[in-house]
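The residues making up each chain are set out below.
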Amino acid sequence: MGTMSEDSEPARHRNYSKPLGIRFVEHINKSALSFKTYQAIVLIVTFLAYASYHAARKTTSIVKSALDPNETSDLGLKFSPFQTSYLHSWILGSGWAPFNGTDGTALLGDIDVAFLSVYAMGMYFSGHIGDRKNLRYFLTVGMVGTGLFTSLFGVGYWGNIHVFYYYLIVQMVAGLFQSTGWPSVVAVVGNWFGKRKRGLIMGIWNAHTSVGNITGSLVASALLKYGWGWSMVVPGLMIAFVGMVVFLFLPVSPDSVGADVDEDDVSSPKKSGEEVSVPLLRSRSETDNNEDKAVGFIEAWKIPGVAPFALCLFFAKLVAYTFLYWLPFYITHTAIGGKYFSSGTAGNLSTLFDVGGVVGGILAGYISDHLNARAITAASFMYCTIPALFLYRMYGSVSLTVNICLLLVAGMFVNGPYALITTAVSADLGTHSSLKGNSRALATVTAIIDGTGSIGAAIGPLLTGYISETSWNCVFIMLMASALVAGLLLTRLVVAEVAAKIDHSRSQGGAAPRSPSAALEA
């Protein structure tokens, strides 16, 4: 037993908020967990949590081809009505009413935009609530709810439900529960990790997005042959199970479990020629006046850098989510090496986009840490996305090998800035110096940035549902234009970072360079 002191009462009180799983582990070990152990638990549990969110989200894109076996031909290859009908039956089956009609593609686009619109709107409220409630409970409810309504979509298969509004409403409610995830996990990770190497750490951690997409694709594709309902129900049960793991093991902050904070882990020491950053977590005496008051929605928008990065993410997620929801469909409807692939094979092939995304997220995080330039890194990746998309559309059909290579490259450039902005940038801005040490802005700032991005994520798949009926070339033109605008929106921040680099170079270490946010405030 530890020694009693004047702090024993607060410590005993904090112990009541420890997750049951943590208390059980400490009981077995006969000792409290170290700060490093808590950090490891946070990274693992939040990784699994958001991977399961994306696995559940990805399933819709996999079952899309089974629901709507519309036009199979592309790139000028023509088939007779008899041949097309035969190909549909052989590759995808007869489809599922009401999505197998002439307007089936548009209906699927409506489902996507309904889900993502509610997701985007819910994100703003989730961030507001997340900064004011226990994130462990909030995240658990969101995951169990997501699992329930993802499964209900699949129940339509066994229930022989062909009412469009059933699927629409189920997806909208699922989107509302899905919105609880991102603000919560970023806030929890932000509570445990400081700015030092945050880009690299969160870039690696952000692989959960791609791992979730890959897992969802593989599981849904493997189960598709047993009936598309299984492709929805199993991922739904998976996220509900992980939600229970979150409830049992996730420590939301060092204070909530009475952990001894290691200052080296939550703040960045001053390096030669570098500006001293505001520590992510200050001592209780420094932040008492700030931590008790959560930052308001409008106040969070006014934090330097939030608006341009949020608007950039609007267009970046428009591109990323168009691929997330439509890539398997695009592959099944495009001849690659002169032949078409089944929906299951297309789903497996689409995972390579996410493999490239893992590399892109880690690379963007590492580069931004090394250069100390988030905006330059994000903008550069967005500009490189343009030729990557062009090459994939023009030459992706040459052969399977070429398609794989170009898909990996496209995934790297598309998901790199998306991952950087939604993780390290959000955490940086959520602990901006203008907040004076207030750590209760993380979920709100994250929700603003990702919520704004999610509006673009809703618009992209919606437009694709209609534009693709005319031409996939037009879809890719839309995506390339979006990538260009995303890069241009960061111009002011890029100029500020370049100016800071030039000032530092001229000073030759004699003066600290300005941070982009400091340049904007000047």
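As a reminder, the structure under discussion sits directly above these lines.
These numbers were taken from a predicted model, which means no experiment stands behind them.

Engineer: I'd like a rundown of the overall build of the protein chain, residues and numbers included.
Structural biologist: Across its full length, the protein chain holds 23 helices and zero strands. A buried classification covers 57% of the 522 residues belonging to the protein chain. Across the protein chain, every contact between residues at least 6 apart in sequence was considered, and the portion connecting residues at least 24 apart equals 84%. For the protein chain, the computed accessible surface area is about 21200 Å², with 66% contributed by carbon and sulfur atoms.

Engineer: Would you mind going over the side chain of Lys 58 in detail, with residue names and values included?
Structural biologist: Tracing the chain through its elements places Lys 58 in helix α3 (residues 35–67). It turns out Lys 58 is buried and unbridged, and the closest side chain with the opposite charge, Asp 354, is 4.5 Å from it. Not counting residues within four places of it along the chain, the set of residues in contact with Lys 58 comprises Asn 213, Gly 216, Ser 217, Phe 323, Leu 324, Pro 328 and Ser 350.

Engineer: Account for helix α2 (residues 20–29), with residues named and values stated.
Structural biologist: Considered for burial, the residues of α2 that qualify are Gly 21, Ile 22 and Glu 26. In a view along the axis of α2, the buried residues occupy a sector of 135°, so they form one face of it. Away from its buried face, by an angle of more than 90 degrees, α2 presents the exposed residues Phe 24, His 27 and Ile 28. Those residues of α2 hidden inside the fold are in contact with α3 and α11 (228–249). One or two steps after α2, the chain reaches Lys 30, where phi turns positive at roughly 60°.

Engineer: Tell me about unusual backbone geometry, residues and numbers included.
Structural biologist: Backbone torsion omega between Ala 97 and Pro 98 reads 10°, so that peptide bond is classified as cis. Phi is positive for Lys 30, close to 60°, though the residue is something other than glycine. Within the element layout of this structure, Lys 30 appears in the loop between α2 and α3. Residue Lys 30 is classed as exposed on the basis of its relative accessible area, which comes to 67%. Of note in the backbone geometry, Asn 160 takes a positive phi value of approximately 55° without being a glycine. One can find Asn 160 in the loop between α6 (135–158) and α7 (164–178).

Engineer: Quick one: what's the story with the side chain of Asp 450, residue by residue and with numbers?
Structural biologist: Considering the arrangement of structural elements, one finds Asp 450 in helix α20 (residues 442–467). Residue classification places Asp 450 among the buried residues on the basis of a relative accessible area of 2%. A polar contact is formed between the side chain of Asp 450 and the side chain of Lys 317, at a distance of 3.2 Å. If near-sequence neighbours (up to four positions away) are discounted, Asp 450 is found in contact with Tyr 119, Met 123, Trp 182, Leu 313, Lys 317, Tyr 418 and Thr 422.

Engineer: Explain the nonpolar core to me, using residue names and the numbers behind them.
Structural biologist: Judged by nonpolar contacts, the single largest core of 87 residues is most densely connected at Phe 99 and Trp 228. Considering every element that reaches this core, the biggest residue donor is helix α16 (residues 306–332), with 18 residues. Once residues within four sequence positions are removed from consideration, Phe 99 is found in contact with Leu 67, Asp 68, Gly 104, Leu 107, Leu 108, Ile 111, Phe 164 and Tyr 167. Residues Ile 41, Leu 139, Ile 239 and Ala 443 belong to the second largest nonpolar core, which totals 36 residues.

The rules behind each value
Residues numbered from 1 in each chain as written. Predicted model: local features only at pLDDT ≥ 70, side-chain atom pairs only at ≥ 80, totals over all residues. Heavy atoms only, no water. Helix = DSSP H or I, 4+ residues; strand = E, 2+ residues; numbered from the N terminus. Buried < 20%, exposed > 50% of the residue type's maximum accessible area, 1.4 Å probe, protein only. Contact = heavy atoms within 4.5 Å. Areas by Shrake-Rupley, 256 points an atom, 1.4 Å probe, with all protein chains shown as cover. Lys, Arg positive; Asp, Glu negative; His and termini not counted. Salt bridge = Lys/Arg side-chain N within 4 Å of Asp/Glu carboxyl O. Arc of directions from axis to C-beta. Polar contact = N/O pair within 3.5 Å; in protein donor to acceptor, adjacent residues only side chain to side chain. Core = buried A, V, L, I, M, F, W, Y, C linked by side-chain atoms within 4.5 Å.

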